[in-house]
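Below, each chain spelled out in residue letters.
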Amino acid sequence: MINGLLIVVLILFVVIFWRWPSIQNRLWRSKYKDFALNSQQKDILLRCMPIYKKMTDADREKLERHITWFLNEKRFVGCDGLKLTPAMKLIVAADACVLVLNKPWPLYKNVKEILLYPSAYYAPQSTRDSAGLVSYHNAVRLGESWPGGTLVLSWHDVLEGNRLPSDGHNLVFHEFAHQLDQETGKTTGTPLLKSSADYKEWGRVFSRAFTQLKSHVAYSMPHVIHSYGATNEAEFFAVITETFLEKPAELRRYDPEIYSMLVNYYQFDPIVWH
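As the structure is a computational prediction, the values presented were derived from the model and not from experiment.

Focus: the side chain of His178
- In this structure, His178 sits in helix α7 (residues 171-182).
- The contact partners of His178, leaving out residues within four places of it in the chain, are Ser145, Ala234, Glu235 and Ala238.

Right, dumping it as structure tokens:
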């Protein structure tokens, strides 16, 4: 009798374990089915987020559903005396959710909290010279993405990213792209892809485009992608994500192959909104 009961419990545990993502999504759909952004929140997004204003009605509806989920599932913390308001959380959540517009819940499954500073902040940093000596100093930062699931953002620069929607710079897009990259367990510039064939194609196109940017920067040749993207592969992925969303037509003309690859990965074409 007891052995039979234990076997039933074990079977139930295995079934729940393997079906947990599906079960969790059903629970979320039930929990958030009556949640929606109110008119005041929508008005804030219309005034402060140009991409939201340009979206199709269908895409706006998807984004709004993601925002309600994000605001209720992620923790926000004000730092250095910053008093958080609902509008601050709303704008960060909206920008973050654009990247995962056509992705299923959970969004950014590794992200646990977002730390907001009033503006640029100091962060401890260590460097090692050629002799192996390590020095410690404070570096000025606008944002960081930690593999452990913490995002750090300068609120001033979050606003600037939305105030200038076509300059190729958006702090939230940049740092949350790092989180997508880090979902693989490493920060390499290659996010989670669907198949081995996708990884092969990504490696070919990504490496070629990264090498091209480094060459263009080194020889002062014209380039649409910001030169910071030439720092390393991880920064290249974050920067081309910013460019993809803020300068889609220019990026497609400059490098149609990598543009097509990003459309395939993000599952939307931002040119439709521009």
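Following the structure, the description resumes.
Quick notes on the pattern of salt bridges
- Under the counting rule described, the total for this entry stands at 12 salt bridges.
- Between Glu73 and Lys31 there is a salt bridge, with its nearest N and O atoms 3.6 Å apart. Of this pair, Glu73 sits in helix α4 (residues 57-73) while Lys31 is found in helix α1 (residues 2-32), placing the two residues 42 residues apart along the sequence.
- For Lys31, a relative accessible area of 45% corresponds to the partly exposed category.
- Here Lys62 and Asp59 are joined by a salt bridge, their closest N and O atoms 3.4 Å apart. Taken together, the positions of Lys62 and Asp59, both in helix α4 and three residues apart, correspond to about one turn of that helix.
- Counted as one network, the salt bridges with shared partners bring together Glu201, Arg204, Arg208, Asp255 and Glu257.

Comments concerning helix α11 (residues 256-266)
- Listed in full, the buried residues belonging to α11 are Ile258, Tyr259, Met261, Leu262, Tyr265 and Tyr266. Mapping the buried residues of α11 onto a view down its axis gives an arc of 160°, with all of them on the same face.
- On its buried face, α11 is in contact with α5 (86-99), α7, α8 (196-218), α9 (233-246) and α10 (248-254).

Some details on the sheet that holds strand β5 (residues 143-146)
- Pairing is mixed across the open sheet formed by four strands, whose spatial order is β1-β2-β6-β5. Strands with a single pairing partner mark the edges of an open sheet, and in this sheet they are β1 (75-78) and β5. Direction aside, neighbouring strands of the sheet carry axes that sit 15° apart on average.
- Direction of pairing for β1 relative to strand β2 (residues 113-117): parallel, over a ladder of four bridges. Counted as the bridge partner of Gly78 is Leu116 from β2.

Quick look at the layout of surface pockets
- Of the voids in this model, the largest pocket is the one considered here, and its volume is about 750 Å³.
- In this structure, the largest pocket is lined by 28 residues; those nearest its centre are Lys103, Pro104, Glu183, Leu192 and Tyr265.
- Where the lining of the largest pocket is concerned, the elements lending two or more residues are α1, α4, α8 and α11.
- For the lining of the largest pocket, the leading source of residues is α11, giving five residues.
- Considered class by class, the residues forming the lining of the largest pocket number 15 nonpolar, four polar and nine charged.
- For the second largest pocket, the calculated volume is near 570 Å³.
- Looking at the second largest pocket, it is lined by 26 residues, and the ones nearest its centre are Leu142, Leu171, His174, Glu175 and Tyr228.
- When contributions to the lining of the second largest pocket are tallied by element, the ones reaching two or more residues are β5, α6 (155-163), α7 and α9.
- Here the lining of the second largest pocket takes five residues from α7, the largest share from any one element.
- A breakdown of the residues in the lining of the second largest pocket according to their chemical character gives six nonpolar, 12 polar and eight charged.

Digging into the nonpolar core
- Phe70, Val98, Tyr108, Phe176 and Tyr266 are the most contacted members of the largest nonpolar core, which totals 69 residues.
- The element contributing the most residues to this core is α5, with 10 residues.
- In terms of nonpolar packing, the next biggest core, distinct from the first, is built from five residues, Cys79, Leu115, Tyr121 and Ala123 among them.

Some words on the packing of aromatic side chains
- Following the criterion strictly, the structure yields 19 aromatic pairs and no others.
- Summarising the aromatic geometry, the rings of Tyr32 and Trp105 are spaced 5.9 Å apart at their centres and angled 85° between planes, so their arrangement reads as edge-to-face. Of the two residues, Tyr32 is situated in helix α1 and Trp105 in the loop between α5 and β2; the sequence distance between them amounts to 73 residues. As far as burial versus exposure is concerned, Tyr32 and Trp105 are alike and both buried.

Let's talk about the environment of Val217
- With respect to the secondary-structure elements, Val217 resides in helix α8.
- Those residues within four positions of Val217 in sequence are excluded, and the remaining contacts are His223, Ser227 and Ala230.

Section: unusual backbone geometry
- The residue after Trp105, namely Pro106, is reached through a cis peptide bond having omega 5°.
- For Pro106, the location among the structural elements is in the loop between α5 and β2.
- The phi dihedral of Ser220 is positive, around 55°, even though this residue is not glycine.
- The residue Ser220 is located in the loop between α8 and α9 in this model.

Rules and cut-offs
- Residues numbered from 1 in each chain as written.
- Predicted model: local features only at pLDDT ≥ 70, side-chain atom pairs only at ≥ 80, totals over all residues.
- Heavy atoms only, no water.
- Helix = DSSP H or I, 4+ residues; strand = E, 2+ residues; numbered from the N terminus.
- Contact = heavy atoms within 4.5 Å.
- Salt bridge = Lys/Arg side-chain N within 4 Å of Asp/Glu carboxyl O.
- Buried < 20%, exposed > 50% of the residue type's maximum accessible area, 1.4 Å probe, protein only.
- Arc of directions from axis to C-beta.
- Pairing = 2+ DSSP bridges.
- Axes fitted to C-alpha atoms, helices over the stretch in contact; angles between N-to-C directions.
- 1 Å grid on protein atoms, 1.4 Å probe; cavity = no way out; pocket = protein on both sides within 12 Å on 5 of 7 lines; lining within 4 Å.
- Points joined across faces, edges and corners; volume = space filled by probe spheres on them.
- Nonpolar A, V, L, I, M, F, W, Y, C, P; charged D, E, K, R; others polar.
- Core = buried A, V, L, I, M, F, W, Y, C linked by side-chain atoms within 4.5 Å.
- Phe/Tyr/Trp six-rings, centres within 6.5 Å; stacked < 30°, edge-to-face > 60°.

That's the geometry; what it means functionally is another story.
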